[in-house]
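Given next are the chains, with one letter for each unit.
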Amino acid sequence: MRGVLTQHRPTLGEKMKKIELVIEPSTLDRFTEAAEGLNLSHFEVTEVRRTTGWSRRESQRLYRGREFVLDLVERLKVDLTVADDAATRIVHELIESVR
């Protein structure tokens, strides 16, 4: 699913930028409000688990008879596509909204 500015539909040959943000699940409401304020109508949200981060959740697993610890942190990945000339402004505003 692609994100577009509702007030501006891309035309054939127009340059676009794909934006990927990885955010904490608790910041999704703030992100959604900021996206509405920027007139972003479509974006895709996917649950991801990262192996790095400041807070870690440890779980023990067995693999081929050996025990190991796997550190995973749950996050949300947000994908959207916007017009090239608006990308920098949109990235800065979305980042500020989830801080």
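All values derive from a computational prediction rather than experimental measurement.

K.L.:
How would you explain unusual backbone geometry if you had to name every residue and give the values?
P.N.:
Even without a glycine there, the phi angle at Asn 39 is positive, about 60 degrees. Its place among the elements puts Asn 39 in the loop between α1 (28-37) and β2 (44-50). Overall, the relative accessible area of 30% leaves Asn 39 in the partly exposed class.

K.L.:
Before we move on, could you go through helix α2 (residues 87-98) and cite the residues and values that matter?
P.N.:
Compared with an ideal rise of 1.5 Å per residue, which puts 12 residues at 16 Å, α2 spans 17 Å between its outermost C-alpha atoms and is within 8% of the ideal. Restricting attention to buried positions, one finds in α2 the residues Ala 87, Ile 90, Leu 94 and Ser 97. Buried residues of α2, seen end-on, are gathered within an arc of 100 degrees and therefore sit on one face of the element. Turned more than 90 degrees away from the buried face of α2, the exposed residues are Thr 88, His 92 and Glu 96.

K.L.:
Quick rundown of the pattern of salt bridges? Include the residues and the values.
P.N.:
Evaluated as defined, the whole model comprises 6 salt bridges. For Lys 18, the salt bridge is made with Glu 20, and the minimal N-O distance between the two is 3.1 Å. The class for Glu 20 is partly exposed, based on a relative accessible area of 44%. When the shortest N-O distance is used, the salt bridge between Glu 74 and Arg 49 registers 4.0 Å. Residue Glu 74 is found in strand β4 (residues 66-83), and its partner Arg 49 is found in strand β2; the two are separated by 25 residues along the sequence. On the basis of relative accessible area, Glu 74 is assigned to the partly exposed category, the value being 37%. Among the charged side chains, a network of salt bridges with common partners joins Lys 18, Glu 20 and Lys 77.

Analysis parameters
- Residues numbered from 1 in each chain as written.
- Predicted model: local features only at pLDDT ≥ 70, side-chain atom pairs only at ≥ 80, totals over all residues.
- Heavy atoms only, no water.
- Helix = DSSP H or I, 4+ residues; strand = E, 2+ residues; numbered from the N terminus.
- Buried < 20%, exposed > 50% of the residue type's maximum accessible area, 1.4 Å probe, protein only.
- Expected span 1.5 Å × (residues − 1).
- Arc of directions from axis to C-beta.
- Salt bridge = Lys/Arg side-chain N within 4 Å of Asp/Glu carboxyl O.

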